[in-house]
Amino acid sequence: MFTALKAGTWPADPFLARQMRRHWRRGHNRTTNQIIVRADQHNTRADDRGRLWLAVPGLQRRQLVKIPLNTTVAPTGTLRLILRGGKVEIHYQIDAATMPSSQRPCGTATLGVDKGYTEALTDSDGNHHGVNLGTLLTAESDRLKERNRHRAKLRSVHNSAALRGDHAKADRINRNNLGTVKRDRQAATHQARVRSEIFTAAHRVVDKAVVVVAEDLTKTFAGRKPLGRNINRRLAGWTKGVTAEALKNVSERRGSALVHVNAAYTSQACHQCGSLGKRSGDSLHCTMCRVVWQADVNAAINVLQRHGDPDITLHTPHHVVKQIVQERTDRRRSRLPLPDSSPPCKRRAESEPSECLTLL
């Protein structure tokens, strides 16, 4: 039995499992104003006047406690009864698909949004939402780098002590320095801050738009340029899934429509002429228009223009999208007047020959 306790295989032994449940130190719940009622332990009935009553088990055997409800909708599933201010609150889960839209209305515009790292969302009107997202992700990534570096040193000291036979020192390091309670608590706090920032940004977008056009980032594109170690580490914490979840949930709850479009080359093409430009940080240099655009705003406008595009659908391969973009650019260039490629002196000589001779 001692060997099973030391090896951690005691849950398979019925006697040891009972003893551990009896003597194991457990947490204490000091909540005294609420109880949980299972789905098969309560029922609802209506009286002669149409009032709905909820019956839950009481302290006496076969005696139910009846609670009057101020609604005509019967609660279902597992209930949480909270006694607060002399009244009983009944909490239960409902399906989000059948839930009516929130009382907070959505906007009336049609906006395209671009998901980013420094800002959670950028709309086609040029507004940035969730501007603290990049700061949160970068600070957490740098903190994890330093923490893991120190934990690796402590892990090496722990392994060295265990190999020397100094198990007391190894146990102290493992118990006091290599635990996971504080690490998990900090990770949960960081995730809560990130979700709050992203969901707030999604609400601000829906405040303006009844139709939200977003890029579909479920597919990855091959041929991406290799990035540095620090950039890869920080981008690994970029929560694109949380952003997609926020847009979906907020749009459903507030009654707006979420439309996904093809994301290929939306951040590399100029929204004015359609040609592929050169991306440099937060700037996009268009070689055809000779204009420098803000990259996120340009991408959001491209996403909005993809809505209803007959040639580029959601499932069009990215190499086909590039071919379509280049063909459109070539057609635009063919309609533009050709620039005069003659030398400057020759052009001036046709109008002012004497001046041109003087310059020569």
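These numbers were taken from a predicted model, which means no experiment stands behind them.

**Q** Describe the confidence of the model for the protein chain, with residues and values.
**A** Across the protein chain, the average pLDDT comes to 83, with 85% of residues at or above 70. Of the regions scoring below 50 in pLDDT, residues 341-360 engages in eight contacts with residues more than four places distant in sequence or in other chains.

**Q** Hey, could you go over the environment of Gly 277 for me, with residue numbers and the actual values?
**A** Checked against the element boundaries, Gly 277 lands in the loop between β11 (257-262) and β12 (278-280). Along the primary structure Gly 277 and Met 288 are separated by 11 residues, whereas in three dimensions their C-alpha atoms are 8.1 Å apart. Excluding anything up to four places from it in sequence, Gly 277 contacts Gln 268, Leu 284, His 285 and Cys 286.

**Q** Requested: an account of the nonpolar core, with residues and values cited.
**A** Counting residues in hydrophobic clusters, the biggest one holds 21 residues, and the most contacted among them are Val 113, Leu 121, Leu 133, Ile 198, Val 212 and Leu 247. Elements with a contribution of two residues or more to this core: β7 (109-115), α3 (133-164), α5 (181-206), β10 (209-216) and α7 (240-254). Broken down by element, the residue count for this core peaks at seven residues, all from α5. Excluding residues within four positions of it along the chain, Val 212 makes contact with Leu 111, Val 113, Val 205, Leu 247, Ala 257, Leu 258 and Val 259. Among the nonpolar cores identified, the runner-up in size contains eight residues, and Val 37, Val 56, Ile 67 and Leu 81 belong to it.

**Q** Which residues make up the packing of α3 against α5, and what are the values?
**A** Any two packed helices are characterised by the angle at which their axes cross and by the distance between the axes. In contact at an axis separation of 10 Å, α3 and α5 are set at 165 degrees when each is read in the N-to-C sense. The orientation of α3 with respect to α5, classified from their angle, is roughly antiparallel. The handedness of the crossing between α3 and α5 comes out as left-handed. Contacts between α3 and α5 involve Leu 133, Leu 136, Leu 137, Glu 140, Arg 143, Arg 147 and Arg 151 on the former and, on the latter, Arg 183, Gln 186, His 190, Arg 193, Val 194, Glu 197 and Ile 198. Class assignment of the residues belonging to the contact of α3 with α5 gives a composition of five nonpolar, two polar and seven charged.

**Q** Before we move on, could you go through the pairing of strand β13 (residues 283-286) and cite the residues and values that matter?
**A** What you see with β13 is a clean split: Leu 284 and Cys 286 sit on the buried side and Ser 283 and His 285 on the side with no burial. Sheet analysis places β12 next to β13, joined by three bridges and oriented antiparallel. For Arg 279, the partnering residue across the bridge sits in β13 and is Leu 284. Taken together, β12 and the strand that follows it, β13, pair antiparallel across an intervening segment of two residues, in which Gly 281 is found at a positive phi of about 65 degrees. Hairpin connection, β13 to strand β14 (residues 291-294): the antiparallel pair is bridged by four residues, and Arg 290 has positive phi, about 60 degrees.

**Q** Break down the packing of α3 against helix α4 (residues 167-176) for me, with residues and values.
**A** Put simply, α3 and α4 touch, their axes get as near as 7 Å, and they point 155 degrees apart. In terms of axis orientation, α3 runs roughly antiparallel to α4. Like other packed secondary-structure pairs, α3 and α4 cross with a definite hand, here left-handed. Of the residues in α4, those touching α3 at Leu 154, Val 157, His 158, Ala 161, Ala 162 and Arg 164 are His 167, Lys 169, Ala 170, Ile 173 and Asn 174. In terms of residue class, the contact of α3 with α4 is made up of six nonpolar, three polar and two charged.

**Q** A description of a nonpolar patch on the surface should follow, citing residues and the corresponding values.
**A** Among the surface-exposed residues, Val 73, Tyr 92 and Ile 94 lie close enough to one another that they form a single nonpolar patch of about 270 Å² accessible area. Considering the arrangement of structural elements, one finds Ile 94 in the loop between β6 (87-91) and β7.

**Q** Describe the sheet that holds strand β2 (residues 43-46), listing the residues and the values that go with them.
**A** Ordered by their spatial adjacency, three strands build an open sheet running β2-β3-β4, and the pairing between neighbours is antiparallel. The open sheet has two edge strands with one neighbour each: β2 and β4 (64-68). Across the sheet, the mean angle separating the axes of adjacent strands is 30 degrees when strand polarity is ignored. Here β2 runs beside strand β3 (residues 52-57); their pairing, made up of four bridges, is antiparallel. Across the sheet, the residue bridging to Ala 46 is Leu 52, located in β3.

**Q** Which residues make up the environment of Gly 179, and what values go with them?
**A** In this structure, Gly 179 sits in the loop between α4 and α5. Judged by its relative accessible area of 36%, Gly 179 falls in the partly exposed class. Every residue in contact with Gly 179, bar those within four places of it in the chain, is listed here: Arg 151 and Asn 174.

**Q** Describe unusual backbone geometry, listing the residues and the values that go with them.
**A** The phi dihedral of Tyr 265 is positive, around 65 degrees, even though this residue is not glycine. Assignment of secondary structure puts Tyr 265 in the loop between β11 and β12. Positive phi is not limited to glycine here, since Arg 290 has a value of about 60 degrees. Tracing the chain through its elements places Arg 290 in the loop between β13 and β14.

**Q** An account of the pattern of salt bridges is requested, with residue identities and associated values reported.
**A** Under the defined criterion, the tally for this structure stands at 13 salt bridges. Close ionic contact of Lys 208 with Asp 125 constitutes a salt bridge, the shortest N to O distance being 3.4 Å. Taken together, the positions of Lys 208 in the loop between α5 and β10 and Asp 125 in the loop between β8 (121-123) and β9 (128-129) put the pair 83 residues apart, joining distant regions of the chain. Ionic pairing is found between Arg 195 and Glu 245, a salt bridge with its closest N-O pair at 3.3 Å.

**Q** How would you summarise the sheet that holds β12 if you had to cite specific residues and measurements?
**A** Note: strands within a sheet are paired through backbone hydrogen bonds, in either parallel or antiparallel orientation. The sheet built from three strands is open, its strands ordered β12-β13-β14 with antiparallel pairing. One side of each edge strand has no neighbouring strand; the edge strands of this open sheet are β12 and β14. Averaged over all neighbouring strand pairs, the angle between strand axes comes to 25 degrees, with direction disregarded. Sheet topology note: the β13/β14 ladder contains four bridges and is antiparallel. Opposite Leu 284, over in β14, you have Trp 293 as the bridge partner. Strands in contact with helix α8 (residues 295-306) are β12, β13 and β14; relative to β14, the strand with the most contacts, it is inclined by about 85 degrees.

What counts as what
- Residues numbered from 1 in each chain as written.
- Predicted model: local features only at pLDDT ≥ 70, side-chain atom pairs only at ≥ 80, totals over all residues.
- Heavy atoms only, no water.
- pLDDT = per-residue confidence, 0-100.
- Contact = heavy atoms within 4.5 Å.
- Helix = DSSP H or I, 4+ residues; strand = E, 2+ residues; numbered from the N terminus.
- Core = buried A, V, L, I, M, F, W, Y, C linked by side-chain atoms within 4.5 Å.
- Buried < 20%, exposed > 50% of the residue type's maximum accessible area, 1.4 Å probe, protein only.
- Axes fitted to C-alpha atoms, helices over the stretch in contact; angles between N-to-C directions.
- Parallel < 35°, antiparallel > 145°, perpendicular 65-115°, else oblique.
- Left-handed = near helix turned anticlockwise from the far one by under 90°.
- Nonpolar A, V, L, I, M, F, W, Y, C, P; charged D, E, K, R; others polar.
- Pairing = 2+ DSSP bridges.
- Patch = residues over 30% accessible without salt bridge, like charges linked within 9 Å, V, L, I, M, F, W, Y side chains within 5 Å.
- Areas by Shrake-Rupley, 256 points an atom, 1.4 Å probe, with all protein chains shown as cover.
- Salt bridge = Lys/Arg side-chain N within 4 Å of Asp/Glu carboxyl O.

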